[in-house]
Amino acid sequence: MENIRPLKTEADYDRAIAEIIQYFENEPEIGSLGDYRFDVLATLIDAHEDKHYPIEAPKSR
């Protein structure tokens, strides 16, 4: 199993997305290494997207 690293480049991000997709297609058993890996990947992807693709709150009228 490959070590998880911070997502510093778009290539790192793309790799993480490609890996996490497998967990949507084949859900890991709760409490398994796959389950923990999914959680860590999701957290890293979320942080990367928040930093590089922020979604602004709607402006009130």
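This write-up is about the structure you can find in this document. Note that residues are indexed from 1 along each chain, following the sequence as it is written. In keeping with the predicted nature of the model, local features appear solely for residues at pLDDT of at least 70, side-chain atom pairs appear and are counted solely at 80 or more, and the whole-chain, interface and lining totals rest on all residues. No hydrogens and no water enter the side-chain calculation; it runs on all heavy atoms of the structure.

1. Notes on the pattern of salt bridges
So, step 1. Counted as salt bridges are all cases of a side-chain nitrogen of Lys or Arg within 4 Å of a carboxyl oxygen of Asp or Glu. Within the structure shown, the criterion is met by two salt bridges.
So, step 2. Here arginine 5 ties to aspartate 12 by a salt bridge, and the two come within 3.8 Å at their closest N and O atoms.
So, step 3. Buried, partly exposed and exposed residues are distinguished by accessible area as a fraction of the type maximum, computed with a 1.4 Å probe on protein chains only: under 20%, between the cut-offs, and over 50%, respectively. On the accessibility criterion, aspartate 12 (15% relative accessible area) is buried.
So, step 4. A salt bridge links glutamate 19 to arginine 37; its shortest N-O distance comes to 2.3 Å. A residue pair is termed long-range when its members are at least 10 positions apart, and glutamate 19 in helix 1 (residues 10-25) and arginine 37 in helix 2 (residues 33-52) qualify at 18 residues.
So, step 5. Take glutamate 19: its relative accessible area is 15%, and that puts it in the buried class. Think of it this way: any DSSP run of H or I at least four residues long counts as a helix, any run of E at least two long counts as a strand, and we number them from the N terminus.

2. What to know about the nonpolar core
So, step 1. Membership of the largest hydrophobic core is limited to seven residues, which are Leu7, Tyr13, Ala16, Ile20, Tyr23, Leu41 and Ile45.
So, step 2. The set of elements that each furnish at least two residues to this core consists of helix 1 and helix 2.
So, step 3. Top contributing element to this core by residue count: helix 1, with four residues.
So, step 4. Excluding residues within four positions of it along the chain, leucine 41 makes contact with Ile4, Ala16, Glu19, Ile20 and Tyr23. Side-chain atoms within 4.5 Å are what join buried Ala, Val, Leu, Ile, Met, Phe, Trp, Tyr and Cys residues into a set we call a nonpolar core. The contact definition used throughout considers only heavy atoms, calling two residues in contact when any of these lie within 4.5 Å.

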